[in-house]
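Structural overview for review
The chain contents come next:
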Amino acid sequence: MSTTANETLYTRTDAALGTFSVRPLDPFADAELLHGWVTHPKASFWMMQDASLPDVEREYMRIAAHEHHQAFIGLHEGRPAFLMETYDPAELELVGLYDAQPGDVGMHFLVAPSDRPLHGFTRAVITTVMAAIFADPATERVVVEPDVANTAVHALNEAVGFVPERPVQKPEKEALLSFCTRAQFEAATGLTKELSI
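Just so it is clear, the model here is predicted, and its values are computed rather than measured. (Residues numbered from 1 in each chain as written. Predicted model: local features only at pLDDT ≥ 70, side-chain atom pairs only at ≥ 80, totals over all residues. Heavy atoms only, no water.)

Re the overall build of the protein
Going by this rule: Segments assigned H or I by DSSP are reported as helices when at least four residues long, segments assigned E as strands when at least two residues long, and all are numbered from the N terminus. With C-alpha atoms as the basis for the radius of gyration, the globule rule is written as 2.2 Å multiplied by the number of residues raised to the power 0.38. Three labels apply to residues, based on accessible area from a 1.4 Å probe with only protein chains included: buried if under 20% of the type maximum, exposed if over 50%, partly exposed otherwise in between. Contact criterion: two residues are considered in contact whenever any of their non-hydrogen atoms come within 4.5 Å of each other. For every accessible area listed, the method is Shrake-Rupley and the probe measures 1.4 Å; residues are considered covered only by the protein chains on display. Positive: Lys, Arg. Negative: Asp, Glu. His and the chain ends are not part of the count. In this description, the location of a charge corresponds to atom NZ of lysine, CZ of arginine, CG of aspartate or CD of glutamate.
In terms of helices and strands, the protein carries 5 helices and 8 strands. Listing every helix and strand of the protein by position from the N terminus yields β-β-α-α-β-β-β-α-β-α-β-β-α. The C-alpha radius of gyration computed for the protein amounts to 16 Å, which stays within 12% of the reference 16 Å derived for 197 residues, consistent with globular compactness. With respect to the principal axes defined by its C-alpha atoms, the protein has extents near 40 × 35 × 35 Å. A burial count over the protein gives 47% of its 197 residues as buried. The contacts of the protein with a sequence gap of at least 6 include a subset with a gap of at least 24, amounting to 58%. Approximately 10000 Å² of the protein is accessible, and the part contributed by carbon and sulfur atoms is 53%. With 14 positive and 28 negative side-chain charges, the protein shows a separation of 5 Å between the mean positions of the two kinds.

Listed below in structure tokens is the structure:
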């Protein structure tokens, strides 16, 4: 299935913060925007602090061409506000580090830096990311592997239903392997049948 960067793949309305949506990422058109996000000091756990604009373009071209890795731009009220990536953990990131199950989807997300942070925004973003992933009926469980030192994201993950499993050693970091089933997400957020993509 071909998609265009203007195509909306998923939309949800947050009662407090308004409309969030997800569209495909365009490695060329979005590279400058992404470069500002991934090299920002607040994005240190993204591990692209020293990336040049061509580095970012190449990385997202690589992801766009990869069979088991996808990247998306998230919007808030129509403006780019976050980056979302999904991957098959049986093929990438966690190969050999846990027993992958059918329906597992790996996830990364990054909230754009802002001079005017909104209360509850990051939680609304991760809720949107998770809802978009679970909108695919084939998804049974979301898998994450944030840096063990990233305590802020651990708290966010737990707020949407993730349960930490154990630390795992990846080449680039010690990660906290955590899982969230559809039922755990629904119980944590109260979102159920709005999950349709």
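Focus on the packing of helix H3 (residues 121-134) against helix H4 (residues 151-159)
Formally: For helices, the axis comes from a line fit to the C-alpha atoms of the stretch in contact; other axes are also lines fit to C-alpha atoms, and the angle between any two N-to-C directions lies between 0 and 180 degrees. Here the word oblique covers every angle except those under 35 degrees (roughly parallel), over 145 (roughly antiparallel) and from 65 to 115 (roughly perpendicular). Here is the rule for handedness: rotate from the far helix to the near one, and if that takes an anticlockwise turn smaller than a right angle the crossing is left-handed, while a clockwise turn gives right-handed.
Put simply, H3 and H4 touch, their axes get as near as 10 Å, and they point 55 degrees apart. Between H3 and H4, the crossing angle belongs to the class labelled oblique. Here the hand of the crossing between H3 and H4 comes out right-handed. Along its contact with H3, which presents Thr-122, Arg-123 and Ile-126, the element H4 presents Leu-156, Asn-157 and Ala-159.

Quick look at the pattern of salt bridges
Put simply, the rule is: Here, a salt bridge means any side-chain nitrogen of Lys or Arg that lies within 4 Å of a carboxyl oxygen of Asp or Glu.
Enumeration according to the criterion identifies 9 salt bridges in this entry. We note a salt bridge from Lys-170 to Glu-93, for which the minimum N-O separation is 2.2 Å. Of this pair, Lys-170 sits in the loop between strand S7 (163-169) and strand S8 (174-181) while Glu-93 sits in the loop between strand S4 (79-87) and strand S5 (104-111), placing them 77 residues apart in sequence. Given the relative accessible area of 4%, Lys-170 is considered buried. In this structure Glu-93 comes out as partly exposed when scored by relative accessible area, which is 30%. One salt bridge in this structure joins Lys-170 and Glu-172, with 3.0 Å as the shortest N-O distance. Here Glu-172 falls in the partly exposed class, since its relative accessible area comes to 37%. Here the salt bridges share partners, and the residues they tie into one network are Glu-93, Glu-145, Lys-170, Glu-172 and Lys-173.

Notes on the packing of aromatic side chains
Our working definition: Note on ring pairs: Phe, Tyr and Trp rings are taken, using the six-membered ring of Trp, and paired if centres are within 6.5 Å. Classes follow the plane angle, with under 30 degrees stacked, over 60 edge-to-face and the rest tilted.
Scanning all chains against the criterion turns up 3 aromatic pairs. Relative to Phe-179, the ring of Tyr-98 has its centre 5.5 Å away and its plane inclined at 45 degrees; by these criteria the two rings are tilted. Residue Tyr-98 is found in the loop between S4 and S5, and its partner Phe-179 is found in strand S8; the two are separated by 81 residues along the sequence. Pair check on accessibility: Tyr-98 and Phe-179 agree, each one buried. When the ring of Phe-134 is compared with that of Phe-185, the centres are 5.6 Å apart and the planes differ by 25 degrees; the resulting orientation is stacked. Placement of the pair is Phe-134 in helix H3 and Phe-185 in helix H5 (residues 182-189), with a sequence separation of 51 residues. Look at Phe-185 and you get buried, because its relative accessible area is 0%.

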